[in-house]
Amino acid sequence: MNEQLRAGAKQAVGIDLGTTFSVVACLDDLGRPRTLINAEGDKLTPSTIFFESGHVVVGKEAVKAIATDAASVAECSKRELGQRFFHQTLGGRQYPPEALEAFILNKLRLDARKQIGDFEHCVITVPAYFDETRRKATQDAGFMAGFEVLDIINEPTAAAVAFGFQHGFLRPDGTSDLPRKILVYDLGGGTFDVTVMEIRGNQFNALATDGDVMLGGRDWDQRLVDFVAEEFIRKFGVDPREEPNASGRLWRECEDAKRTLSARTKATLACDYRGNAVRLEITRQRFQEMTQDLLDRTAFTTRQAIQAAGLEWKDIDRVLLIGGSSRMPAVVEMLRKLSGREPDCSVSPDEAVAHGAALHAGIILARNRGETPKFKIRNVNSHSLGVVATEAQTNRPRNAIVIPRNTPLPVNARRVFRTQKPGQRSIRVQIVEGESMSPDDCSQLGKCTVRDLPPNLPAQTPIEVQFRYEENGRLTVKVEVSGAGKQLEHELMRENSLTPEQLRSWRSYISGLPAST
Ligand code: AMP
């Protein structure tokens, strides 16, 4: 065991819980972030879970099982956070996606414990573009894995903090040299995020954020998978994607070829299925053509984020690349052209996020000890929050936005509604997240039903809905009926969220599992 790390035991870790890979970091005695090695000796742990007749295996071994037992392997569960159940039945059981994330986190916790001793606190990162439901699900996953989650922090913000640290922006007194505007372009395995940050002294301010939680390296892989499968069908009339194990092998082959194409100008793709085999050569040029629309989507979103921050490219001092998929030469080239400057690849795209999370965790622990924080983070919300209200003219439901997107956090907001009928005994307040005026196109966060209103309330009694949006993007809602002699406060009933009892039960099951059984 590393002595420096042992001395720093009882600390918190920072966790980059990625769609395809996860990374854990902690601070050494000198307060520098370092990546922890997992039980297999690697810095990156595949976010893959294999359910093997009652046993749960996470990481590299689970990835191997894709070739033979794909139906029992869960991949990319992060993409399904916020849904009630993961799409695939595993070991005869349907799991909520946050429970699958918890299996991964439990393995990370146990492996980290081998290096730094007992600890329970962590900071987990989330894509800046994650909505509130997914943030809550991530926090719940941490709880189920036996962690005490100190905070959740946006991935690009964490990367900017690590960048600031690495570049000496943070002096020992916590200040930095210059106010700098940084664009963080984060293309991971399953999500894309872009955030415009300002580093001003020891203050890290997010100015605007945008992204796509359904766009990542996996979509580039998919193009290669489809390319090979179509060739296979043309030659042999059968589709290797139809059989889970063959499909699993093909995905791995394509992901590998994609990585090769970042280093070389051509790669080969091989696929065998039902006694037939194809071997194809693909050039980087061809690969870039077949994925151009995906890259264009990231370019479009990047421009939007700069605009939302009220800036132009000339105002951006650095373009920081993070996320494994930012290694693709087409990404670097596109950003070079757009920004007119050389993108900054100086932080490790795989580790920067976990390092930033570890620095943030260290700050929270220090603050809890009564010390002054070395730096401060200010976030913005990535999606507008509203309530469903009835439009007076049309009598149709519409999203009445209470907190517009890109508002600096934390923020308190309130909005007054009125009862419709005299003597109304209950009110339902439905909370939605999204930009559309139509509630159906927004994500439904949940509802508060205020029951047992005092009798004889006149029509048009004011009902005040109060939102408290925390720095980490989590929300608390209160509904108050004033003028009723007393004020009523109600908890938000969430859609697709596990109850506290369910969470406790999952926690005692998952956090009791060994790293691999
Ligand atoms: P992350 O979520 O940041 O760990 O990124 C994982 C994604 O990065 C996966 O889709 C990987 O296939 C992709 N990736 C990692 N290395 C490379 C590379 N050299 N070239 C292209 N994609 C890569």
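Computed from a predicted model, the values in this text were never measured in an experiment. Every chain begins its residue count from 1, and numbering advances along the sequence as written. pLDDT decides what is reported in this predicted model: residues at 70 or higher carry local features, side-chain atom pairs at 80 or more are listed and counted, and totals for whole chains, interfaces and linings draw on all residues regardless. Each side-chain value is derived from all of the structure's non-hydrogen atoms; neither hydrogens nor water enter the calculation.

A. Spotlight on the domain arrangement of the protein. For the purposes of this description, domain bounds are those given by an automatic or database domain assignment. Domain annotation of the protein identifies domain 1 (2-167 + 347-378), domain 2 (217-290) and domain 3 (385-484). Distance from the C-alpha centre of domain 1 to the C-alpha centre of domain 3: 34 Å. Whether two residues are in contact is decided by their heavy atoms: any pair within 4.5 Å suffices. Between domain 1 and domain 3, the contact holds 11 residues from the first and 12 residues from the second. Here the quantity called buried area is the total loss of accessible area, with a 1.4 Å probe, experienced by two parts when brought into contact, counted for both. With both chains or domains summed, domain 1 and domain 3 bury close to 910 Å², and 43% of this area falls on carbon and sulfur atoms. Whenever a carboxyl oxygen of Asp or Glu lies within 4 Å of a side-chain nitrogen of Lys or Arg, that contact is scored as a salt bridge. If you look at where domain 1 meets domain 3, you find one salt bridge. A salt bridge links Glu132 to Arg474, with the nearest nitrogen and oxygen atoms 2.9 Å apart. Polar contacts, as counted here, are pairs of nitrogen or oxygen atoms within 3.5 Å of one another; within protein the pair requires one atom able to donate a hydrogen and one able to accept it, and residues that are adjacent in sequence qualify only if both atoms are side-chain atoms. The interface formed by domain 1 and domain 3 contains six residue pairs in polar contact (both at pLDDT 80 or more). Among the elements of the structure, α4 (132-144), β9 (148-154) and β16 (376-378) are those that each provide at least two residues to the side of domain 1 that touches domain 3. Labels follow the DSSP assignment, with helices taken as runs of H or I lasting at least four residues and strands as runs of E lasting at least two, numbered in each case from the N terminus. Broken down by element, the residue count for the side of domain 1 that touches domain 3 peaks at five residues, all from α4.

B. Molecular detail of the layout of surface pockets. Estimates place the volume of the largest pocket at around 960 Å³. In terms of lining, the largest pocket is formed by 40 residues, of which the most central are Thr20, Phe21, Gly189, Glu255 and Arg259. Those elements giving two or more residues to the lining of the largest pocket turn out to be β2 (21-27), α2 (60-69), α6 (217-236) and α7 (244-263). With seven residues, α7 is the single largest residue contributor to the lining of the largest pocket. By residue class, the composition of the lining of the largest pocket is 11 nonpolar, 13 polar and 16 charged. In terms of domain composition, the lining of the largest pocket takes at least three residues from each of domain 1 (2-167 + 347-378) and domain 2 (217-290). Put plainly, a pocket is an open set of points on a 1 Å grid over the protein atoms alone with protein on both sides within 12 Å along at least five of seven lines, a cavity is a set where a 1.4 Å probe fits but cannot get out, and a lining residue has an atom within 4 Å of a point. Grid points are joined across faces, edges and corners, and a volume is the space filled by probe spheres set on the points. For this classification, Asp, Glu, Lys and Arg are treated as charged, while Ala, Val, Leu, Ile, Met, Phe, Trp, Tyr, Cys and Pro are nonpolar and the rest, including Gly, are polar.

C. Region of interest: the packing of α6 against helix α9 (residues 292-308). The interhelical angle for the contact between α6 and α9, taken along N-to-C directions, is 165°, at an axis separation of 10 Å. Comparing the axis directions of α6 and α9 gives the class roughly antiparallel. In this structure, α6 crosses over α9, and the sense of that crossing is right-handed. In this structure, α6 uses Asp219, Trp220 and Arg223 to contact α9, whose residues at the interface are Asp293, Leu294, Leu295 and Thr298. Split into classes, the residues belonging to the contact of α6 with α9 amount to three nonpolar, one polar and three charged. Each axis is a line fitted through C-alpha atoms, and for a helix only the stretch in contact is used; angles between axes span 0 to 180 degrees, taken between their N-to-C directions. If an angle is under 35 degrees, it is roughly parallel; if it is over 145, roughly antiparallel; if it lies from 65 to 115, roughly perpendicular; otherwise it is oblique. The hand of a helix crossing depends on one turn: near helix anticlockwise from the far one by less than a right angle means left-handed, and clockwise means right-handed.

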